[in-house]
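Okay, here's what each chain looks like letter by letter:
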Amino acid sequence: MESRDSCSHINKTSIYRLPVGGQELWPVVAFLRNGMIYASVPLVEQTLSPPPPLISISGISQGLELLYGIQDFLSSGQKNDTELNTRLSQLPDLLLQACPFGTLLDANLQNSLDNINFTSVTQLPKQPAWKAGIYKGKPQVSISITEKIKSMQYDKQDVADMWQVVGTVICKCDLEGIMPNVTISLSLPTNGSPLQDILVHPCVTSLDSAMLTASSIDAMDDSAFSGPYKFPFTPPLESFNLCYYTSQVPVPPILGFYQMREEEVQLKLTVNLKLHESVKNNFEFCEAHIPFYNRGPITHLEYKVSFGQLDVFREKSLLVWTIGQKFPKSMEISFAGTVTFGTRSRDKQPFDHICIGTTAYVKLHFRILDYTLTGCYVDQHSVQVFGSGKPKINARRKLLSSDYYIWNSKAPAPVTYGSLLLT
């Protein structure tokens, strides 16, 4: 439908209108992750005509936080469908604990699971996240910034490459006192990328209006708010997600080029990767996975890599290029090869509805410690704790790849719009 799918109607947020019986249900918060749709319908207590600004609807922020919490719970430790089904069966009871009567108390569902297990043994009631407990011990505040970079690269003139950073700030405050008050500031270097679409935990007491109005929908300009981003709050006892944010960095950390051509019974492959000069060249790990779907096992391979090593998983029809912890001084590496396949077995070889023919991708997996792509960091001296004793401040940060795809430039490829993947 042109009214829904036209490029002039690209939805850059996760907020949708849903036609229901000739009317519209709004707002519906929804996004797609790992083949599952996460959706919620926040309560809007103000008038809907005209539609109020999204920033003024607190239920949207809480709905997104709850959905992210559900996603984290379902994906953590998941190794097979049995474990996923087990976690899905636990969701109803966990939601009663985390969101009684529709009021979000704690989006970390693992906390709710721990509390349910603890209550079943001791018969003690669960302590709500908003009710401060009493901590006894050495005071300390731990802050972790995790940025995930998503990218879809095509190397085509008629399709634009896309990339975006999604950040999460996780806090754990071990502080004595009934209601300790804490203020944490996120800072950027002079060339850092401004934070946008900021969503905060309900325990945050106030925010600068400039932080709330920074949206990825708006075009970036020199007047964009670039911090410091201050978050005053009264922390719960458990580890919690202080905030989420997005950012549009100027370039992706690794630029890629992938070509795959089919010649008779063989595939000819070429992959080039280039690390951007501004990115920290010190990885915990870095790998390029080259899968082959809807084909038989790999029976023959001839290849040459300029750097790193290549592992062949014949039955899985998969090549894993282990790059290691550093790119060479040139910052560029390449792989070229010819692959031959045997007869396909439906039970053993991977199948995919999108990767048909020469439609294929390289997926990058990497992690860089003590680094963020936006430059976002926590100045330990800027952390303010209003209570007895001087706490120890622990701050760390890291960058992870997430859905980092480089598509074959010689074949059709799916194009991403906002948070959904469309063919």
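Report follows, based on the coordinates. Just so it is clear, the structure is predicted and the values come from calculations on it, not from any experiment. (Residues numbered from 1 in each chain as written. Predicted model: local features only at pLDDT ≥ 70, side-chain atom pairs only at ≥ 80, totals over all residues. Heavy atoms only, no water.)

Considering the packing of aromatic side chains
Keep this limit in mind: Only the six-membered ring of Trp is used, alongside the rings of Phe and Tyr, when aromatic pairs are assigned; centres must lie within 6.5 Å, and planes under 30 degrees apart are stacked while those over 60 apart are edge-to-face, with the rest tilted. For helices the rule is a DSSP run of H or I covering at least 4 residues; for strands it is a run of E covering at least 2, with both sets numbered from the N terminus onward. Using a 1.4 Å probe on the protein chains alone, a residue whose accessible area is under 20% of its type maximum counts as buried, one over 50% counts as exposed, and one in between counts as partly exposed.
If you walk through the whole model with that rule in mind, you get 14 aromatic pairs. Relative to Y405, the ring of Y361 lies with its centre 4.9 Å away and its plane at 90°, an arrangement referred to as edge-to-face. Highlighted residues: Y361 in strand β17 (residues 361–369) and Y405 in strand β20 (residues 392–407), separated in sequence by 44 residues. The exposure classification of Y361 matches that of Y405, with both residues buried. With a centroid separation of 5.5 Å and 75° between ring planes, the pair formed by F366 and Y404 is classed as edge-to-face.

Brief notes about the pairing of strand β2 (residues 23–33)
For a regular strand, side-chain orientation follows a simple rule: the groups alternate between the two sheet faces. Spelled out, the test is: Two strands pair under a simple rule: DSSP has to find at least two bridges between them.
With 5 bridges connecting them, strand β1 (residues 15–20) and β2 associate as antiparallel partners. From the neighbouring strand, P19 faces β2, where its bridge partner is E24. Where β1 folds back onto β2 in an antiparallel hairpin, the turn is made up of 2 residues, including G21, whose phi is positive at roughly 55°. Sheet topology places β2 next to strand β3 (residues 36–40); 5 bridges connect them, and they run antiparallel. The residue of β3 that forms the bridge with A30 is A39. Linking β2 back to β3 in an antiparallel pair, the connection comprises 2 residues, with N34 at a positive phi of about 50°.

Here's the deal with helix α2 (residues 58–75)
Test applied: Expected helix span is computed as 1.5 Å times (number of residues minus one).
With 18 residues, α2 extends 26 Å from end C-alpha to end C-alpha; this agrees with the ideal 26 Å at 1.5 Å per step. Of all 18 residues in α2, 14 are buried, a share of seventy percent or more.

Let's talk about the pairing of strand β14 (residues 309–313)
The pairing of β14 with strand β15 (residues 318–322) spans 5 bridges and is classified as antiparallel. In the sheet register, V312 faces β15, and the bridge partner there is L319. The hairpin turn running from β14 into β15, its antiparallel successor, is 4 residues long, and S317 in that turn takes a positive phi close to 50°.

Some details on the side chain of Q153
Cut-off, in case you're wondering: A 3.5 Å cut-off defines polar contacts: any pair of N or O atoms within that distance qualifies, except that in protein one atom must be a possible hydrogen donor and the other a possible acceptor, and neighbouring residues in sequence count only when both atoms are side-chain atoms. Here, residues are in contact when the closest pair of their heavy atoms is within 4.5 Å.
Its place among the elements puts Q153 in strand β4 (residues 140–153). Among the polar contacts made by the side chain of Q153, one reaches the main-chain amide nitrogen of G256 at a distance of 2.8 Å. Once you skip the residues sitting within four places of it in the chain, Q153 turns out to touch D161, P252, I254, L255, G256, Y404, Y405, I406 and W407.

A look at the sheet that holds β2
Sheet strands pair via backbone hydrogen bonds, and the direction of the pair is either parallel or antiparallel. Going by this rule: All axes are obtained by fitting lines to C-alpha atoms, using only the stretch in contact for helices, and the reported angles, taken between N-to-C directions, cover 0 to 180 degrees.
On the basis of which strands lie adjacent, the open sheet formed by 3 strands has the order β1-β2-β3 and antiparallel pairing. Each end of this open sheet is capped by a strand with a single partner; those strands are β1 and β3. Averaged over all neighbouring strand pairs, the angle between strand axes comes to 45°, with direction disregarded. Contacting β1, β2 and β3, α2 runs over the sheet at an angle of about 35° to β2.

Some thoughts on the nonpolar core
Inclusion rule: Only buried residues count toward a nonpolar core, which is a set of Ala, Val, Leu, Ile, Met, Phe, Trp, Tyr and Cys residues joined through side-chain atoms within 4.5 Å.
If you look at the biggest cluster of nonpolar residues, it comprises 38 residues, and the most contacted ones within it are I254, Y258, L273, F292 and L319. Of all the elements in the fold, those that place two or more residues in this core are β10 (254–263), β11 (266–275), β12 (285–291), β13 (298–305), β15, β16 (332–341), β17 and β20. By residue number, the principal contributor to this core is β11, which donates 5 residues. Dropping the residues within four chain positions of it, I254 is found in contact with Q153, L273, K274, L275, F283, C286, F327, L364, F366 and Y404. In terms of nonpolar packing, the next biggest core, distinct from the first, is built from 28 residues, I145, C173, Y229 and V378 among them.

Overview of the pattern of salt bridges
Where charged atoms from two side chains of opposite charge approach closely, those side chains can pair. Using the following cut-off: Criterion for a salt bridge: a side-chain nitrogen of Lys or Arg within 4 Å of a carboxyl oxygen of Asp or Glu.
Applying the stated criterion to the full structure yields 5 salt bridges. Notably, a salt bridge pairs E24 with R17, separated by 3.6 Å at the nearest N-O pair. A relative accessible area of 54% places E24 in the exposed class. Classification of R17 as partly exposed rests on a relative accessible area of 43%. Taking the shortest distance from any N to any O, the salt bridge between E262 and R295 comes out at 3.3 Å. One end of the pair, E262, is in strand β10; the other, R295, is in the loop between β12 and β13, with 33 residues separating them in the sequence. What makes R295 buried here is its relative accessible area of 14%.

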